[in-house]
Amino acid sequence: MKVSVTTIDLHELDVDAVLIPVTQEARDELLERIGLDDDAVKVGAAQFTGAVDESVTLYVGSYQAKRVVLLGLGSEDAVALETLRNAAATGASTASRLKVETVSVVLPETELAPEAASQALVEGFLLGSYRFTRYKTTDANASHKVQRLVVHSSSHDKAARRGADRGRILAEAVSTARDLVNLSPNDKTPTLLGKEIERLGKKHGFEVSVWDKALIEEEQMGGLLAVNMGSIEPPTFTIMEWQPENAVNDRPIVLVGKGVVFDTGGLSLKPTKDSMDSMKSDMAGAAAVVGTMEAIAKLELPVYVVAMIPATDNRPGENAYVPGDVIRMHSGLTVEVLNTDAEGRMILADALSYASTYTPAVAIDLATLTGAAVVALGSAVAAVMTNEDEHAADRTAAMVLAGERSGDPVHPLPMHDHYADLLKSDVADLKNVGGREAGSITAGKFLERFTSYPWIHVDIAGPAFLKSARGYRQSGGTGFGVRLVVEYLRDFIARAQK
Ligand code: BES
Ligand code: ZN
Ligand code: ZN
């Protein structure tokens, strides 16, 4: 979708529909300004109060667009960026119902900074318009798409343009991540995923190298190889790099994404219903990392980033790893596997230990790691953990703030040392499961054993994949994490430039 900004008088705008987000307080004045001439339209407008989620389509003769869609923002002191994203998504549904091709959305006057508000409107509209149609052969609606979105701002056009451009780039990157998650498992084997990342790297301008099984063996990534044993598809390990000349950091920020392209649980097999049936999403961390690389390259962020994706499926098979196997990991530590379904930590541990060769400023992993995170926080919020050093609170605070600003919220879990006791093994250095208690935290403590630098773990098992749509997120892959990490990086850059 094309996105632009205009200052042209709303009445004269040559678009098919105009969206006007409005608070309850501003509702009366707006209706007066629009000046309704038709009695039927007046009746329609009378029912609109400006409450959140309310919307009404009016036909106004004095507008060249004719169709004017009012979008309720609720009370003016409660308007947040997320309110604007959701209102814009409601506008996108209306636009799709009206089958219009060009839409203008008015930047409302609120307490929010105009640049961030413009970004939020574009994100909400574009992400709300997202549809995954790759496998639909007979869907008539699949062909209709809004072609152009025009942000209208009479007094803040420069800020609106910066925000709109960033919003578009972020929404496109989130859509890339959503597409990868929504792909059928047989279309995203580790090899095909590596190829797709190579293509995206060429398209957007970041470096990609894809390791094959031989290289992974040479590097002795025992965790990744163990999980892959039951599979007929070889694993891959993909490394992406973005290193602009004006980077604010010498030591890279390392991103790691869990790339389990399908998680059956292995021999510790998952039940199908409400469990294995959504496990094509077990590479959502990898998808978010790829989307993030796309965004930072297109935004040309001045930050040095290296990203890694260990990829395999997790299946039972003749040669599959079994409960009781002791695995020598890339770091040299030995792990007693007591549940083959705790595979994510096995492959992430190897990536995190390999990451130390870069001496990262900080490493951030994104992973659909534990069902316990879904139980604790539900499907809107991800869990965040970090190693307990003197900067732990700052790292967590930075990630929580990035979550609030970006629309990808995260909540911290404690990482007290006693949780590590639950991973003690009789035969190896540690075991891969901690038991029923504190399942997300013991997974975090497991990963921590393989880090030797500042590190942040984001368990996205809840928000990565939705059974039913919510706001600007459709059912299926949400692309959660892309906007979170980009916002974290923007904040990292701003601090470094101070
Ligand atoms: N991929 C799953 C976690 C998951 C569950 C993601 C639900 C998204 C939605 C992970 O590999 C897994 O199976 N974890 C186990 C760990 C357990 C065996 C310690 C779990 O959470 O049950
Ligand atoms: Zn699993
Ligand atoms: Zn998994």
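In case you missed it, the structure is sitting above this.
Note that this is a predicted model, so its numbers are computed, not measured.

A. Structural detail: the sheet that holds strand β5 (residues 102-106). The six strands lie next to each other as β1-β6-β5-β2-β4-β3, forming an open sheet whose pairing is mixed. At either end of the open sheet lies a strand with only one pairing partner, and these are β1 (2-6) and β3 (55-59). The average undirected angle you get between the axes of adjacent strands in this sheet is 25 degrees. Here β3 runs beside strand β4 (residues 67-72); their pairing, made up of five bridges, is antiparallel. Bridging across to β4, T57 finds its partner in V69. Its contacts with the sheet put helix α3 (residues 81-98) on β2 (17-22), β3, β4 and β5, and the angle it makes with β4 is roughly 150 degrees. Against the sheet, helix α4 (residues 114-129) touches β1, β2, β5 and β6 (148-152), its axis set at about 155 degrees to β6.

B. Broad picture of the coordination of the zinc ion (ligand 3). Here the zinc ion (ligand 3) is held by K258 (NZ), D263 (OD), D282 (OD) and E343 (OE), and the distances to it run 2.0 to 2.4 Å. Between the six donor atoms coordinating the zinc ion (ligand 3), the angles at the centre fall across 77 to 174 degrees, so the site counts as octahedral. The class of K258 is buried, set by a relative accessible area of 2%.

C. Highlighting the side chain of Q119. Tracing the backbone shows Q119 in helix α4. With near-sequence residues (within four places) excluded, Q119 lies in contact with G163, A164, R166, G167 and L170.

D. Spatial organisation of the packing of aromatic side chains. Inspection of the entire model under this criterion finds six aromatic pairs. An angle of 90 degrees between the planes, with centres 5.8 Å apart, marks the rings of F237 and Y354 as edge-to-face. Here F237, found in strand β8 (residues 236-242), pairs with Y354, found in helix α10 (residues 344-355); they are 117 residues apart in sequence, far enough to count as distant. Ring centres 5.2 Å apart and planes at 40 degrees place the aromatic pair F446 and F450 in the tilted group. Residue classification places F446 among the buried residues on the basis of a relative accessible area of 0%. Of the aromatic side chains, those joined through ring pairs into one cluster are W211, F237, Y354 and Y358. For the cation-ring pair, R178 lies above Y130, with the distance from its terminal atom to the ring centre recorded as 5.1 Å.

Conventions adopted
Residues numbered from 1 in each chain as written. Chains lettered and ligands numbered in written order. Predicted model: local features only at pLDDT ≥ 70, side-chain atom pairs only at ≥ 80, totals over all residues. Heavy atoms only, no water. Pairing = 2+ DSSP bridges. Helix = DSSP H or I, 4+ residues; strand = E, 2+ residues; numbered from the N terminus. Axes fitted to C-alpha atoms, helices over the stretch in contact; angles between N-to-C directions. Contact = heavy atoms within 4.5 Å. Donors = N, O, S within 2.8 Å, 3.2 Å for Na, K, Ca; no water. Tetrahedral: all angles 85-135°; square planar, octahedral: opposite > 155°, others 65-115°. Buried < 20%, exposed > 50% of the residue type's maximum accessible area, 1.4 Å probe, protein only. Phe/Tyr/Trp six-rings, centres within 6.5 Å; stacked < 30°, edge-to-face > 60°. Lys NZ or Arg CZ within 6 Å of the ring centre and 35° of its normal.

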